[in-house]
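Tertiary structure, described
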Amino acid sequence: MTKGRLLWLALQLLAVVNYASAQDLKLNKLEYFETQGVNVLVYNNLFTGGFNDEKNSGIELIHHGVRTAQGGAVRLSNTPEQWDLVPNISNRKVNAATQTIEATLTYADYDFESRVVVTAKGKGVEIAVYLDKPVPKALEGSAGFNLEFLPSQYWQKAYLMDGRYNRFPRYVVGNTITKPNSEKPKQYKGYKTSDDRGTGKYIDPLPLETGRTLLLAPDEPSRLLKITSKDADLMLFDGRMLAQNGWFVVRSLLPAGKTGKVLTWTVEPNAIPGWVREPNVGFSQVGYLTSQPKVAVIELDKKDKPLATSSLYKIGDDGKATKVFTGKIASWGPYFKYNYVKFDFSSVKTPGIYYIQYGSIKTNDFLIQDNVYDKITDATSDIWIPIHMDHMFVNEAYRVWHGEPFKEGYRQAPPNTDHFDLHAQGPTTDTKYKALELIPGLNVGGFFDAGDFDIETGSNIGVVQNFVRTWESFKPMRDQTFVDQKQRYVDLHRPDGTPDVLQFIEHGTLNLVAQAEIVGHMTQTLSNAVLDNYHHLGDAASLTDGLPYNPKLGPYEVAADGRSSGVKDDLWAFTSRNPGLDLSAATMFAAASRALKGYNDDLSARALQQSKRLLKESTELMANRSQDSLSRRGRVDIGTNLQLYISTGEKEYVDKFQQALWPALDRNVTFVLLTALDAIPHMDAAYKEKLRPYIVKYKAYITNLEKDNPYGVPIGLRNWAGSGDVVNFGTTICFASKYFPDIIDESHAFKAANYLYGCHPYHNYSLVATVGATRPKAVFYGNNRADFSFIPGNLAPGLLFRQPDHFENYDDWPFFWGQNEGTIGGNTSYLIFGSAFKNLVK
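From a predicted model like this one, the values you see are computed outputs, not experimental measurements.

Moving on, we get to the packing of aromatic side chains. According to the stated counting rule, one finds 50 aromatic pairs in the structure shown. The interplanar angle of 85° and the centroid separation of 6.0 Å between the aromatic rings of Trp247 and Phe816 together place this pair among those described as edge-to-face. Of this pair, Trp247 sits in the loop between β18 (234-238) and β19 (248-253) while Phe816 sits in the loop between β41 (806-808) and α15 (817-820); the two residues are 569 residues apart in sequence, bridging distant segments of the chain. Among the residues examined, Trp247 registers a relative accessible area of 1% and is labelled buried. For the pair Phe447 and Phe467, a centre-to-centre distance of 5.7 Å together with 50° between the ring planes defines the contact as tilted. Here Phe447 is found in the loop between β34 (438-439) and β35 (455-456), whereas its partner Phe467 is found in helix α4 (residues 457-474), with 20 residues between them in sequence.

Have a look at this one:
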């Protein structure tokens, strides 16, 4: 017997020993399979299709506290991409007596239905696929059962297929073939994720390995997992061959012409005997003021017995650490999957470098000093925001972040276009422009929305309002960015004599005023025409060829004069009119006109003119539509009349503002209160007094948050993580405590800051890639996400909740937009919070 074979048997024996010493998986009351260290979720989180297929659905494995596998389902390709078809999950049935979860999976496009039954089986689960009718002819050789594994948790670890050794690659390396497009399964709404460059063929990855027994990560017990199949080959693929956000995929094809139980897998995740999740000591990575509350929140495995005390150590000038405080641990209680305790060290007020010691857990160091918050917005305003200025060449020292994008401008989106980014062009253009006609003058100003390069008009409207609020409330004179609109050039870390925020207001307003003047109203978006450049990563200037599309040219042909091409890559303007969006723009234009007065008087006057016009026209249009037919932006925007009153001083606007405000506060005080507070400097004493009962109501909301979760802030449980809710909460506290200090204590704002900077579930990294944090998150979802990097100043959406009880925020895999993507709206809201918070602590 060879040495290799002996080692293989030894590893198998190790796996058997581990499995034997662990407890069996059991179906719990939350309807997933569980043993200590292993959770197997079965369609607790469902596929939603298209834009929302973000690899957090299907059969999932949470392995020793980290979600390492997902997507378990019948799929139609070897390595599914985001816009590949996903099954509709219906008739999910849970049977506690038989320890099974069953679900029906349907592909309506192919009239193809399967049933997946997952059954507890010792230390693992059996996954079986049943068919009542054979696989459709069109899907023979395409339909198979897939389970996907997170690359960052497996790369550079070993795997064995039928005893053959190999290692998961750190970077994608493998073989592919090409096939005729006619053989490719349909993608979402008929869109295509790749450009075949006229070949008529698509890329199909080949398996890295094939066999009947696959052992993943025998060299890492916390990720060790065994998959066996007696009736079908297991194929291992690397999904990164097609998309940087692809995962390692284990797949078995469904047999042709068969019904009944057509496929069976046994999946056995290793559970380390006696494993208990390491405590997560949450604290502010930015540090603390000497006088502020200082409370660490410690997240514990429910099998972990809380310690009685924790200690604080101070690092001296000689590098030696000295224990300076020991305090009692206070129990908060259970919150979803874990148990929480608190360590209060507010009494420590001496400036210095400190760390927390909780049992064997030693945190990284942090500062106690009265200047720790001075720079919390600098990276956001100096770097992240200017990098996202559209239609500009953006330079930083020796680095070019991007060239000038979209020189060819924007074309009119054709009627009846259903867009892949959740937009749509209605039955008409609602403009004077014909389908695909160039709309001149829109390629100016504006901000990239997020990790992509479109201008989301609604977001840009809110962004300009955020800049104006920052400017009018705090007058930040910081000047670290050179902006030249004529040269279309931005240079970071280079003062030009003008406050940066004022230039940001101008840049956003330029694009939005152009929309109002040229189109006649606000567009929905200025976005990609084709899906294969929507997911573009890298320099925005290379997303298109910079040449106007010429239909007289052949595909990929460039005109003899070099001024046009046959490439259909020009971006489109989606121009269906939404009076609610126009109303939001009227609000923004009124505010921007004030800020720009004395700096860019021409743009200021144009903005005010468009504000009045759009207010009048949108009000008339909305009067002719039922409230039920209007989007959220289509309902009355309370802030519009407030901003117009502030800009013009005309009484009719303040009367309309108050008519709408008070009923809205009665309906939802938390959502509307910040707008009400904005009005205080412009209203009389009676207004402020009338607002007082709503402040009392908001105080009760704050108190309830303390009971809701151990962090005392609003924690979102949606498909987009909740940093934005925390930012809005913190900003509201800052302004409410300013105007009503007898009701709202400013100390509540520190809870928001602590949460953003590290005191939150899952890990204790700062959610802001900010100056001053000891341990900020290292990777984010931006247009540079394929580099596993970040753009300084970015605020992550934060802790994403996975049903039924799991929070996560990956710092080794940037491609989850719902937890890692920075948006221009979110980061400018953070700019307001940071400015308000700095003002408060001073």
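In this section: the side chain of Thr193. With respect to the helices and strands, the residue Thr193 is situated in the loop between β13 (176-180) and β14 (201-205). We classify Thr193 as buried; its relative accessible area is 4%. Within the structure, Thr193 has its side chain in polar contact with the side chain of Gln187 (distance 3.1 Å). Those residues in contact with Thr193 that lie beyond four places of it in its chain are Glu81, Trp83, Gln187, Leu531, Asp532 and His535.

If you trace the five strands from one edge of the open sheet to the other, you get β34-β31-β39-β38-β35, paired in mixed fashion. Every other strand in the sheet has two partners, leaving β34 and β35 as the edge strands with one partner each.

Right, let's get into the nonpolar core. One finds Ile505, Phe589, Leu665, Leu677, Tyr687 and Leu691 to be the most contacted residues of the largest nonpolar core, which totals 142 residues. In this structure Leu665 touches Val672, Leu673, Ala676, Leu691, Tyr694 and Lys697, once residues within four positions along its chain are discounted. Residues Ile101, Phe112, Val135 and Val262 belong to the second largest nonpolar core, which totals 55 residues.

What follows deals with the packing of α4 against helix α7 (residues 579-596). Two elements in contact, α4 and α7, have axes separated by 9 Å at closest approach and are oriented at 30°. Between α4 and α7, the angle is such that the two are roughly parallel. Once α4 is placed against α7, the crossing between them reads as left-handed. On α7, the residues that touch Thr457, Gly458, Ile461, Val464, Gln465, Val468, Trp471 and Glu472 of α4 are Leu581, Ser584, Ala585, Thr587, Met588, Ala591, Ala592, Arg594 and Ala595. When the residues that make up the contact of α4 with α7 are grouped by side-chain class, the tally is 10 nonpolar, five polar and two charged.

Between side chains of opposite charge, a pair can form as their charged atoms come close. Applying the stated criterion across every chain yields a total of 40 salt bridges. Arg164 serves as the salt-bridge partner of Glu209, at 2.9 Å between the closest nitrogen and oxygen. Remark: Arg164 occurs in strand β12 (residues 164-167) and Glu209 occurs in strand β15 (residues 209-211); sequence separation between them is 45 residues. The partly exposed category is assigned to Arg164, whose relative accessible area is 37%. With a shortest N-O distance of 2.8 Å, Arg478 and Asp382 are connected by a salt bridge. On the criterion of sequence distance, the pair formed by Arg478 in the loop between α4 and β36 (481-484) and Asp382 in helix α3 (residues 378-387) is long-range, its members being 96 residues apart. Classification of Arg478 by relative accessible area gives partly exposed; the value is 36%. Within this structure, Arg577, Asp582, Arg613 and Glu617 form a network of salt bridges that share partners.

This part is about the sheet that holds β19. Pairing is antiparallel across the open sheet formed by nine strands, whose spatial order is β1-β2-β3-β4-β5-β10-β19-β18-β15. Edge strands, defined here as strands with exactly one partner in the open sheet, are β1 (26-27) and β15. Strand direction decides the pairing type here: β15 and β18, joined by three bridges, are antiparallel. Within β18, the position partnered with Gly211 by the bridge is Leu234.

Next up on the list: the pairing of strand β25 (residues 338-344). The element β25 is largely enclosed, with a buried count of five among its seven residues. In the sheet, strand β22 (residues 295-300) pairs with β25 via six bridges, with the strands oriented antiparallel. Opposite Glu299, over in β25, you have Tyr340 as the bridge partner. As defined by bridge partners, strand β24 (residues 321-335) adjoins β25 across six bridges and the pair is classed as antiparallel. Looking across to β25, one finds that Ile329 is bridged to Phe343. Here β24 folds back onto β25, and the loop between the two strands holds two residues, one of which, Phe336, carries a positive phi near 55°.

Criteria and cut-off values
- Residues numbered from 1 in each chain as written.
- Predicted model: local features only at pLDDT ≥ 70, side-chain atom pairs only at ≥ 80, totals over all residues.
- Heavy atoms only, no water.
- Phe/Tyr/Trp six-rings, centres within 6.5 Å; stacked < 30°, edge-to-face > 60°.
- Helix = DSSP H or I, 4+ residues; strand = E, 2+ residues; numbered from the N terminus.
- Buried < 20%, exposed > 50% of the residue type's maximum accessible area, 1.4 Å probe, protein only.
- Polar contact = N/O pair within 3.5 Å; in protein donor to acceptor, adjacent residues only side chain to side chain.
- Contact = heavy atoms within 4.5 Å.
- Pairing = 2+ DSSP bridges.
- Core = buried A, V, L, I, M, F, W, Y, C linked by side-chain atoms within 4.5 Å.
- Axes fitted to C-alpha atoms, helices over the stretch in contact; angles between N-to-C directions.
- Parallel < 35°, antiparallel > 145°, perpendicular 65-115°, else oblique.
- Left-handed = near helix turned anticlockwise from the far one by under 90°.
- Nonpolar A, V, L, I, M, F, W, Y, C, P; charged D, E, K, R; others polar.
- Salt bridge = Lys/Arg side-chain N within 4 Å of Asp/Glu carboxyl O.

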